[in-house]
Amino acid sequence: MDNLVIAATERSPAVDFDFAAGVLSLKGESYPEDASTVFGPIFAALEGFLGVAECRALRFDFELIYFNSSSAKALMNMFQLMDKAAARGVTIEVNWFFAREDETMKEFGEDFSEDLEHVTFNLATTQN
Amino acid sequence: MAKSDGGFNLFDAEERVLAEANALRESLAESAPDIRNGVESLTESYRRSVREQRRLVKVSDRLQNQLASVNQELARRKAEAEEALARLREAQETLVQAEKLASLGALVGGVAHEINTPVGIALSCASHLADSTAQMRALFEADDIGVEDFERYMETASDTSQLILANCERAAALIRSFKQVAVDRTSSERRRFDLAAYIGETLASLSPRVRQAGHKVTITCPPGLEVDGYPGALSQVLTNFVMNTIVHGYDPGQSGTLSITVDEPVAGQIRLVYADDGCGIADAHKNRIFDPFFTTRRGAGGTGLGLHIVYNLATGPLEGSLAVDSATGHGTRFTLTFPRQASGGTPPEI
C-alpha cells in the first residue's frame, strides 16, 4: 500500500501515513475552506489501510495546534473508524500531543478519548 | 442530503443511521400504529438533529474563518504600526542630530562675527603701519628725515603695534574659548572644568546674537566652582535656552535681561537657573514644551526639538533634573539641577 505524504499548508495539516511502519501522523493547523478536499484523501487512505491491517499494531500521532469545527467532526469520524478496527483486533495506539499551556487542545483530546473503547489513547505535551 | 465532492461526507455515519431507520420503519408497516408512529417520530427528531449539527458546523467554521482573518489582519497592522514607529524614531533621531548641528552652527556664526572685529582692527592698523613705514623709507633714502617726521612715525608705530597686539590677543582668546566649546560639543568628552569660565565662554560665543536683539546678560556664578562632567552637554543646554529666548521670549523690537544664576544649595548639587523677563509660556503650552516636535513656530524655522534636546541632556549626560516656571507676561525660568561630579559608567552620547 502506498504511503500518504501531504505537506502542510497555512490552513491544512501535514499528513504522513507510513503504512509499512504502521506509523501515521497529522501535524499542524486545520481550518480548510472545504473539509472534504483535505480529509477526503486522508479518509480514503485510512479506511483502505484499516481494512487490510488485521492483527497489526499501529501508532497514530496527532500534533495539532488549531482546528475548526469541520475538522473536529472529521477527526471524530477517524476515531470511530479506528475504534471499529481496534474492536476487530487491530492494535491501535493514539498519541495526542498538545502544547503545555494549551488547555483547549488538551480538553479536545480528553473529549475524543471518551468515545474510544478499544483504542489506547495517550495525552502528552509537546517539547516546546 | 447532498454529498461533498470526492465521496467524502462528514455526516456519512449519521446518514447511514437515517437510512437504517427508514428501512426499519418500512419493515414495521404491519406492526402496531403506536410503535410505527414512535419510530417515525424518533427518526424525524434524529434527522432534525443531524441537520442542526450540519448547520452548526457550517456556522462555526465560518466564524472561525472570520476570526482567523481578523487575527491575520491584526498581526499585519501591528507589524505595520511597529515598523512605522521604528521609522519615526529613526527620523526623530536624525532631526535631533540636525538640530544640534544647527545650534552649533549658530555658535560658529557668533564666533566668526566676534572675531571679525579684532581681526579687522589689527588689519587696518597693520596697513597704516606699512604705509607710514614706506613713507619713512622714502624720506630715509632721500636723506630727508626731520626730527618731527621721526617722532610722528615712532608714535604711529607704537600705537598701531599696541593695537595689533591687543586685538590679536583678543582674537586668539576667542578662538581658544570657542575651540574648547566646539570640541566639547562634538566629542562628548568628560572632563573637569571651571563652571563660571565655561558659562562665560559659551555666552561670549552667543553674544553677537544676544546683542543684535538688544538683550543684556547677567551671569552670577561662584568663582572657582569646578565641575566634573560633560561640558558639551551644558554648553548645548545654555545655547538652546538662549536661542529659545531670542526666538520666542520677546515681541519684535522688545528687549530684556537674560540671567544665569548658579549656586550649590546642597554640597555636590549644582543649581543653575536660567531666566528671562520676556513674554513667558502660555499655560496651554507649558506641559508640552519638552515634547519632541512641539513648536509654536512651525513653518517659521521652528523644529520643536530645542527644549526636547535640553531635557534629554539634563536627564541623560548631566544626570540631573529640569523644571520650568513661567506665566504669560512674567518671563520664563528654567531650573537645572545636576550633580557636581558625574557618576562613572560609559560616556553618554551628547
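Cut-offs and rules
- Residues numbered from 1 in each chain as written.
- Chains lettered and ligands numbered in written order.
- Predicted model: local features only at pLDDT ≥ 70, side-chain atom pairs only at ≥ 80, totals over all residues.
- Heavy atoms only, no water.
- Helix = DSSP H or I, 4+ residues; strand = E, 2+ residues; numbered from the N terminus.
- Rg over C-alpha atoms; globule rule 2.2 N^0.38 Å.
- Contact = heavy atoms within 4.5 Å.
- Areas by Shrake-Rupley, 256 points an atom, 1.4 Å probe, with all protein chains shown as cover.
- Patch = residues over 30% accessible without salt bridge, like charges linked within 9 Å, V, L, I, M, F, W, Y side chains within 5 Å.
- Salt bridge = Lys/Arg side-chain N within 4 Å of Asp/Glu carboxyl O.
- Lys, Arg positive; Asp, Glu negative; His and termini not counted.
- Charge placed at Lys NZ, Arg CZ, Asp CG, Glu CD.
- Buried < 20%, exposed > 50% of the residue type's maximum accessible area, 1.4 Å probe, protein only.
- pLDDT = per-residue confidence, 0-100.
- Pairing = 2+ DSSP bridges.
- Axes fitted to C-alpha atoms, helices over the stretch in contact; angles between N-to-C directions.
- Core = buried A, V, L, I, M, F, W, Y, C linked by side-chain atoms within 4.5 Å.
- Disulfide = S-S within 2.5 Å.
- Buried area = accessible area lost by both parts, 1.4 Å probe.
- Parallel < 35°, antiparallel > 145°, perpendicular 65-115°, else oblique.
- Nonpolar A, V, L, I, M, F, W, Y, C, P; charged D, E, K, R; others polar.

K.L.:
Which residues make up the overall build of chain B, and what values do they have?
P.N.:
In terms of helices and strands, chain B carries 7 helices and 7 strands. Put simply, chain B runs from its N terminus to its C terminus through helices and strands in the order α-α-α-β-α-β-β-α-β-β-α-α-β-β. Here the C-alpha radius of gyration of chain B, 42 Å, is well above what a compact globule of 350 residues would show, namely 20 Å. Its C-alpha atoms put chain B at 165 × 50 × 45 Å along the principal axes.

K.L.:
An account of the overall build of chain A is needed here, citing residue identities and associated values.
P.N.:
Scanning chain A for helices and strands turns up 3 helices and 6 strands. Its helices and strands in sequence order give chain A the pattern β-β-β-α-β-α-β-α-β, from N to C terminus. Seen through its C-alpha atoms, chain A measures out along the principal axes to roughly 35 × 30 × 25 Å. By sequence separation, contacts in chain A at least 24 residues apart represent 65% of the contacts at least 6 residues apart. Taken as a whole, chain A presents about 6300 Å² of accessible surface, with 50% of it coming from carbon and sulfur.

K.L.:
Go over a negative patch on the surface, please, and point to the residues and values.
P.N.:
All names here are of chain A. A surface patch of like charges, here negative, comprises E103, E107, E110, D111, E114 and D115. On the secondary structure map, E114 appears in helix α3 (residues 103–114). Under the relative-accessibility criterion, E114 is labelled exposed at 65%.

K.L.:
Before we move on, could you go through the confidence of the model for chain B and cite the residues and values that matter?
P.N.:
Across chain B, pLDDT averages 86, with 93% of residues at or above 70. Note on residues 1–5 of chain B: pLDDT under 50 across the span, and 9 contacts to partners over four residues away in sequence or across chains.

K.L.:
Break down unusual backbone geometry for me, citing the residues and quoting the values.
P.N.:
A positive phi angle, close to 65°, is found at C55 of chain A, a residue other than glycine. You can see C55 of chain A is positioned in the loop between α1 (35–51) and β4 (57–67). The class for C55 of chain A is exposed, based on a relative accessible area of 73%. Unusually for a residue other than glycine, D143 of chain B sits at a positive phi of about 55°.

K.L.:
Could you give an account of the sheet that holds strand β6 (residues 321–326) of chain B, with specific residues and numbers?
P.N.:
The pairing of strands in a sheet happens through backbone hydrogen bonds and is either parallel or antiparallel. Residue and element names in this part refer to chain B. Here we have 5 strands laid out as an open sheet, ordered β2-β4-β5-β7-β6, and mixed in their pairing. The open sheet has two edge strands with one neighbour each: β2 (216–220) and β6. Between one strand and the next, the sheet's axes are offset by a mean angle of 15°, whatever the strand orientation. Where strand β4 (residues 257–266) meets strand β5 (residues 269–276), 7 bridges bridge the pair, whose relative direction is antiparallel. When the sheet's bridge partners are listed, V262 is paired in β5 with L272.

K.L.:
I'd love a proper account of the nonpolar core, names of residues and values included.
P.N.:
Ranked by internal contacts, the top residues of the largest apolar core, which has 53 residues, are L195, L234, V262, L272 and L336 of chain B. Looking at this core, the elements that each hand over two or more residues are α2 (33–141), α3 (147–187), α4 (195–212), α5 (231–249), β4, β5, α7 (306–315) and β7 (332–339) of chain B. With 8 residues, α5 of chain B is the single largest residue contributor to this core. One finds A35, A45, F98 and F121 of chain A within the second-largest nonpolar core, a separate group that totals 45 residues.

K.L.:
Give a detailed account of the state of the cysteines, specifying residues and quantitative values.
P.N.:
All names here are of chain B. For the structure on display, the rule yields 0 disulfides over all chains. Among the cysteines around C125, which has no disulfide bond, C168 carries the closest sulfur, lying 9.5 Å off. On the accessibility criterion, C125 (8% relative accessible area) is buried.

K.L.:
Outline the interface of chain B and chain A, listing residues and values.
P.N.:
With 16 residues of chain B in contact, the opposing surface of chain A contributes 19 residues. Here chain B and chain A share an interface that buries about 1300 Å² over both sides, 48% of which is from carbon and sulfur atoms. Inspection of the chain B/chain A interface yields 1 salt bridge. With a shortest N-O distance of 2.8 Å, K73 of chain A and E14 of chain B are connected by a salt bridge.

K.L.:
Now, about the sheet that holds strand β2 (residues 14–18) of chain A: what can you tell me, with residues and values included?
P.N.:
All names here are of chain A. As summarised here, the arrangement of the 6 strands in space is β1-β2-β3-β4-β5-β6, forming an open sheet in which the pairing is mixed. Both edges of this open sheet fall to β1 (4–6) and β6 (120–125), since each of them pairs with a single strand only. Strand-to-strand, the axes of this sheet are offset by a mean angle of 15°, without reference to chain direction. Running over the sheet, helix α2 (residues 69–87) touches β3 (23–30), β4, β5 (91–98) and β6 and is turned about 170° from β4.

K.L.:
I'd like to hear about α7 of chain B, residue by residue, with values.
P.N.:
The buried fraction of α7 of chain B amounts to 7 of the 10 residues, a majority that puts the element mostly inside the structure. When α7 of chain B is considered as a whole, its buried residues turn out to be G306, L307, H308, I309, V310, L313 and A314 of chain B.

K.L.:
Requested: an account of the packing of α1 of chain A against α2 of chain A, with residues and values cited.
P.N.:
All names here are of chain A. One way to put it is that α1 packs onto α2 with a least axis distance of 11 Å and a crossing angle of 5°. By the criterion of interaxial angle, the relationship of α1 to α2 is roughly parallel. Contacts from A35, F39, I42, F43, L46, E47 and L50 in α1 reach S70, S71, A74, N77, M78, L81, M82 and A85 in α2. A class-by-class count of the residues in the contact of α1 with α2 yields 11 nonpolar, 3 polar and 1 charged.

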